[in-house]
Amino acid sequence: MKRVPFLSLDPLHEQLRDEMLSAFERFYDSGRYILADQVAAFEQAYAEFSGTRFCVGVGSGLDAIRLSLEALGIGEGDEVIVPSNTFFATWLAVTRTGAELVPVEPDPRTANIDPARIADAVGRRTRAVIPVHLHGRPCEMDAVMSVADGHGIAVIEDNAQAHGATYRGRPTGSFGRINATSFYPTKILGALGDAGAVTTDDEELAEEVRALRSYGSRAKDRFETFGFNSRLDEVQAALLAVKLAHVEQTIEDRRRSAGWYREELEGLDDLHLPDPDPDATHANHLFVVRTSRRDALQRHLAECGIETMIHYPVPPHLQPAYRELGFERGRFPIAEELAETSLSLPFFVGISREQVGRVADQINEFFTLAAGTSRK
Ligand SMILES: *Cc1c(COP(=O)(O)O)cnc(C)c1O
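Below, the structure is looked at part by part. (Residues numbered from 1 in each chain as written. Predicted model: local features only at pLDDT ≥ 70, side-chain atom pairs only at ≥ 80, totals over all residues. Heavy atoms only, no water.)

**Some words on the nonpolar core**
Then step 1. Counting 33 residues, the largest nonpolar core has Leu 69, Val 80, Val 94, Ile 130 and Val 209 as the members making the most contacts within it.
Then step 2. If one sorts the elements of this core by residue count, helix 4 (residues 61-71) sits on top with 5 residues.
Then step 3. Sequence-distant contacts of Ile 130, defined by excluding residues within four places in its chain, comprise Ile 65, Leu 69, Val 80, Ile 81, Val 82, Pro 83, Thr 90, Val 94, Ile 156 and Asp 158. (Core = buried A, V, L, I, M, F, W, Y, C linked by side-chain atoms within 4.5 Å. Buried < 20%, exposed > 50% of the residue type's maximum accessible area, 1.4 Å probe, protein only. Helix = DSSP H or I, 4+ residues; strand = E, 2+ residues; numbered from the N terminus. Contact = heavy atoms within 4.5 Å.)

Shown next, in the form of structure tokens:
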């Protein structure tokens, strides 16, 4: 029985091997390892890719969100709206600034923040909303922007999962006042270590993040605020530049694999595939299906050597770290239901038609064998 891994970076890294090693050699020979030519070149290329005037490379996606909030002057006494069903880091970045979280439920159909509910959650102290393009699917940005503009609050996109996605022809990561992304190795555009960036059209905000990533210093030996040490590494920038040059191909490959899953899995009663969105191009960070029999399906696949994951099994409001906020089970029922029914199938650049077929065959078998469930 041949295993199907949930994720393998091998096919992409094998394909890019020579270019990545030459980039490493250039970095190695440059003798300059912090905030030099590689970072500057990558920032310029990524800004262009994002359709924004500026990109500032930072140490991680978490820091990209946190520094965006800090650059906007958000902190104690302020409120920030976040999705109830996101990765923990979106919430943590807000908590770290001292601001209060205001979680908002997603539209169950898209798993993305529900623009109508954002309007209901805005209060006197609300300063910003952080839409997350979950799994690579763009949020309904026209609606999000119009609610935010109408209430005078800032939008900070969390674009960690959606490199290369577009909403009505415009790249995600270009809508908000300032936007954050992660280049964690398993993201669509992934470094070989930790890395992140902010993108913005606002020069003053870009300068503020540049200062904050480097102790709060805008000029040598002058420290104006209490910043951080969160710089994008030269070596990661050099490697990311290689991957960025190939990212369109990467996204195309993902689109094709998602299409294979759709073809093979359409029409099963208790299996919900990601809804197509005519207004957007999905970046396909993950291929997430939903079923009321999620745990049994995951067990069945595991027995067949097929590795799956759950993004995410426990929503942030039920995490021990947030116990003191007093959110009980049942408080964000849509987030909880998504956590109980979502399953991420094996999905990566270079997954073969045959591997997708093997996964789909086992899923079809699981639902066909199940009493009371059959193909439509
Ligand atoms: C990965 C991720 C982050 C955090 O990025 P790191 O680089 O790991 O700090 C934040 N938000 C979302 C939605 C993510 O998927």
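**Things to note about the site of the ligand**
Then step 1. Neighbouring the ligand are 13 residues, the closest being Gly 61, Leu 62, Asp 158, Ser 182 and Lys 187.
Then step 2. With respect to the ligand, the side chain of Asp 158 contributes an N or O atom lying 2.8 Å from a nitrogen atom.
Then step 3. The contact in question runs from an oxygen atom of the ligand to an N or O atom on the side chain of Ser 182, over 2.6 Å.
Then step 4. Against a free-state accessible area of 380 Å², the protein chains account for coverage of 92% of the ligand.
Then step 5. Here the residues of the shell around the ligand sort into 6 nonpolar, 5 polar and 2 charged. (Near = heavy atom within 4 Å. Polar contact = N/O pair within 3.5 Å; in protein donor to acceptor, adjacent residues only side chain to side chain. Areas by Shrake-Rupley, 256 points an atom, 1.4 Å probe, with all protein chains shown as cover. Nonpolar A, V, L, I, M, F, W, Y, C, P; charged D, E, K, R; others polar.)

**What about the pairing of strand 8 (residues 178-182)?**
Then step 1. In terms of residue burial, strand 8 counts as a mostly covered element, since 5 of its 5 residues are buried.
Then step 2. In terms of strand pairing, strand 8 meets strand 9 (residues 196-200) through 5 bridges, oriented antiparallel. The residue of strand 9 that forms the bridge with Asn 179 is Thr 199. (Pairing = 2+ DSSP bridges.)

**What about the side chain of Ser 60?**
Then step 1. Examined against the element boundaries, Ser 60 turns out to sit in the loop between strand 1 (54-58) and helix 4.
Then step 2. Overall, Ser 60 belongs to the buried group, its relative accessible area being 15%.
Then step 3. From its side chain, Ser 60 meets the backbone nitrogen of Leu 62 in a polar contact 3.4 Å long.
Then step 4. From its side chain, Ser 60 meets the backbone nitrogen of Asp 63 in a polar contact 3.1 Å long.
Then step 5. Among residues more than four places away in sequence, those in contact with Ser 60 are Thr 181, Ala 195, Gly 196 and Ser 230.

**Details of the pattern of salt bridges**
Then step 1. As enumerated under the stated definition, the model contains 24 salt bridges in all.
Then step 2. Between Arg 256 and Asp 253 there is a salt bridge, with its nearest N and O atoms 3.2 Å apart. Highlighted residues: Arg 256 and Asp 253, both in helix 10 (residues 247-265), separated by 3 residues, approximately one helical turn.
Then step 3. Here Asp 253 falls in the buried class, since its relative accessible area comes to 12%.
Then step 4. One connected set of salt bridges, linked through shared partners, spans Glu 43, Glu 207, Arg 210 and Arg 213. (Salt bridge = Lys/Arg side-chain N within 4 Å of Asp/Glu carboxyl O.)

**Notes on a nonpolar patch on the surface**
Then step 1. There is a patch of nonpolar side chains on the surface, built from Tyr 33, Ile 34 and Leu 35 and spanning about 260 Å² of accessible area.
Then step 2. Assignment of secondary structure puts Tyr 33 in the loop between helix 2 (17-30) and helix 3 (37-50). (Patch = residues over 30% accessible without salt bridge, like charges linked within 9 Å, V, L, I, M, F, W, Y side chains within 5 Å.)

**A short note on the side chain of Ser 174**
Then step 1. Along the chain, Ser 174 falls in the loop between strand 7 (170-171) and strand 8.
Then step 2. A polar side-chain atom of Ser 174 sits 2.6 Å from the main-chain carbonyl oxygen of Pro 171.
Then step 3. Residues within four places of Ser 174 in sequence aside, it is in contact with Ser 50, Gly 51, Thr 52, Glu 157 and Asn 179.

**A short note on the environment of Ile 153**
Then step 1. Within the secondary structure layout, Ile 153 lies in the loop between helix 7 (141-151) and strand 5 (154-155).
Then step 2. For Ile 153, a relative accessible area of 6% puts it in the buried group.
Then step 3. Along the backbone, Ile 153 and Tyr 322 are 169 residues apart, and their C-alpha atoms lie at a distance of 25 Å.
Then step 4. Excluding its chain neighbours within four sequence positions, the residues that come into contact with Ile 153 are Val 122, Thr 126, Arg 127, Ala 128, Val 129 and Ala 148.

**Focus on the pairing of strand 9**
Then step 1. Among the 5 residues that make up strand 9, 5 are buried, leaving the element largely enclosed by the rest of the structure.
Then step 2. Here strand 9 shows two buried faces, one formed by Gly 196, Val 198 and Thr 200 and the other by Ala 197 and Thr 199.
Then step 3. Taken together, the 5 bridges between strand 1 and strand 9 define a ladder with antiparallel strand orientation. Note that in strand 9 the partner of Cys 55 across the bridge is Thr 199.

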